[in-house]
Amino acid sequence: GRRWSYDTVVEAVVATLDAQGVERAAVVGHSMGGAVALGVAAAAPARASALVLVNALALSPGRARLARLGLQGRHIRTFATPAAARDFVQWAARRPGDLVATALWGWSCHLAEAAAEVRAAGVPRSVLWAADDTLLPLPIGEQLATALDTPLRVASGRSAEERVEHDWVYRHPTFFAHQLDAALAEVAAA
C-alpha cells in the first residue's frame, strides 16, 4: 500500500525472506531486479549466500546515455508486447505516482555505495551479462563487475546470427538457467 520507492522494495524482499523462514538465499536479479538484488545483499549481507546480477541496472552510465539507450525504437518494439503494454497501462492507471517514482529512480540510480558494501562484506558475487545487450550494453556490465571486484561472465549466442540481448532471461530460459548454474558454481568455488 505504500508509495513505490527503492528502499521499500528492498525492505519488502527482506521481509518476504523473513516471512518464509529463509535464513540465507542466493539473490539473483535481472535488469531493475538486479538493482533490488544488490540492495538486498547490501542491506542484509549475512542473508545472501550468493549474489548474481544479470544485465543489472545498478551503475548509471549517465542520464543522457540512458535516455539514448532506452528510447531506441527497437527496444520499444521488443519490450512492448501486447501483454506487457496492457499490464503497464493498467498499473500506470492504478498507481500513477508509482510510475513516476519508478521512472525517476531508474533515471538516476547509481548504487556504487551498495556495491562497495557488498564487496566489503565479502558476499560471494557474480555479474552475468548478455553479449549483445543494447539496452544496457556490455561496458555497463564491465563497470559493475569492476565495482564489485568480481569476474564478468558474458553469455553469447551459439552463432553470429543468434543474438543474446537484454531480455535473454525470458527469451532463452533454458540457456539462462545453464549460465546461472555456471555462475553460481563459480561463486561457490571462489
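As a reminder, the structure under discussion sits directly above these lines.
These numbers were taken from a predicted model, which means no experiment stands behind them.

Quick look at the pairing of strand β1 (residues 25-30)
Here comes step 1: Pairing of β1 with strand β2 (residues 48-54), which is carried by 6 bridges, proceeds in the parallel orientation. Bridge pairing in β2 links Ala 25 to Ala 48.
Here comes step 2: Taking the sense of rotation as the criterion, the β-α-β connection linking β1, helix α2 (residues 32-43) and β2 turns out right-handed.

Focus on the sheet that holds β2
Here comes step 1: Ordered in space as β1-β2-β3-β4, the 4 strands form an open sheet in which the pairing is parallel. The strands lining the two open edges of the sheet, one partner per strand, are β1 and β4 (152-155). Within this sheet the neighbouring strands show an average axis-to-axis angle of 20°, counted without direction.
Here comes step 2: Packed on one face of the sheet, α2 meets β1 and β2 and runs near 150° to β1.

Comments concerning the nonpolar core
Here comes step 1: Residues Leu 38, Leu 51, Leu 53, Val 118, Leu 144 and Leu 148 are the most contacted members of the largest nonpolar core, which totals 35 residues.
Here comes step 2: Sorting the residues of this core by element identifies α1 (6-19), α2, β2, α7 (112-121), β3 (125-130) and α8 (138-148) as the ones contributing at least two each.
Here comes step 3: Per-element accounting of this core gives the leading share, 7 residues, to α2.
Here comes step 4: Not counting the four nearest positions on each side in its chain, Leu 51 is found in contact with Val 27, Ala 37, Leu 38, Ala 41, Val 118, Val 123, Pro 124, Arg 125 and Ser 126.
Here comes step 5: Among the nonpolar cores identified, the runner-up in size contains 11 residues, and Val 54, Ala 155, Phe 176 and Leu 180 belong to it.

So, the pattern of salt bridges
Here comes step 1: The final tally for this structure, using the stated rule, is 5 salt bridges.
Here comes step 2: Of the charged contacts, one joins Asp 18 and Arg 47 as a salt bridge, the two residues approaching to 2.7 Å between their closest N and O atoms. Taken together, the residues Asp 18 in helix α1 and Arg 47 in the loop between α2 and β2 connect sequence positions 29 residues apart.
Here comes step 3: A salt bridge links Asp 167 to Arg 171, with the shortest nitrogen-to-oxygen separation between them at 2.2 Å.
Here comes step 4: What emerges from the salt-bridge pattern is a single network uniting Asp 132, Arg 163 and Glu 165.

About the cut-offs
Residue indices begin from 1 for each chain and proceed along its sequence in written order. Totals for whole chains, interfaces and linings use all residues, but because this is a predicted model, local features are given only for residues with pLDDT of at least 70 and pairs of side-chain atoms are given and counted only at 80 or more. Note that water and hydrogens are dropped before the side-chain values are worked out from all heavy atoms of the structure. Any two strands between which DSSP finds at least two bridges are classified as paired. Helix and strand labels come from DSSP, where a helix needs a run of H or I of at least four residues and a strand needs a run of E of at least two; each type is numbered from the N terminus. Handedness of a crossover is defined as follows: orient the strands so they point away from the viewer, and if the path from the first strand over the helix to the second runs clockwise, the crossover is right-handed. Only the stretch in contact is used when a helix axis is fitted, and all axes are lines through C-alpha atoms; the angle between N-to-C directions ranges over 0 to 180 degrees. Any two residues whose heavy atoms approach within 4.5 Å at even a single point are treated as in contact. Nine residue types can take part in a nonpolar core, namely buried Ala, Val, Leu, Ile, Met, Phe, Trp, Tyr and Cys, and a core is a set of them joined through side-chain atoms within 4.5 Å. Here's how the labels work: a residue is buried when its accessible area is under 20% of the maximum for its type, exposed when over 50%, partly exposed in between, all with a 1.4 Å probe on protein chains only. Here, a salt bridge means any Lys or Arg side-chain nitrogen found within 4 Å of an Asp or Glu carboxyl oxygen.

Bear in mind that shape data such as this cannot, by itself, settle questions of function.
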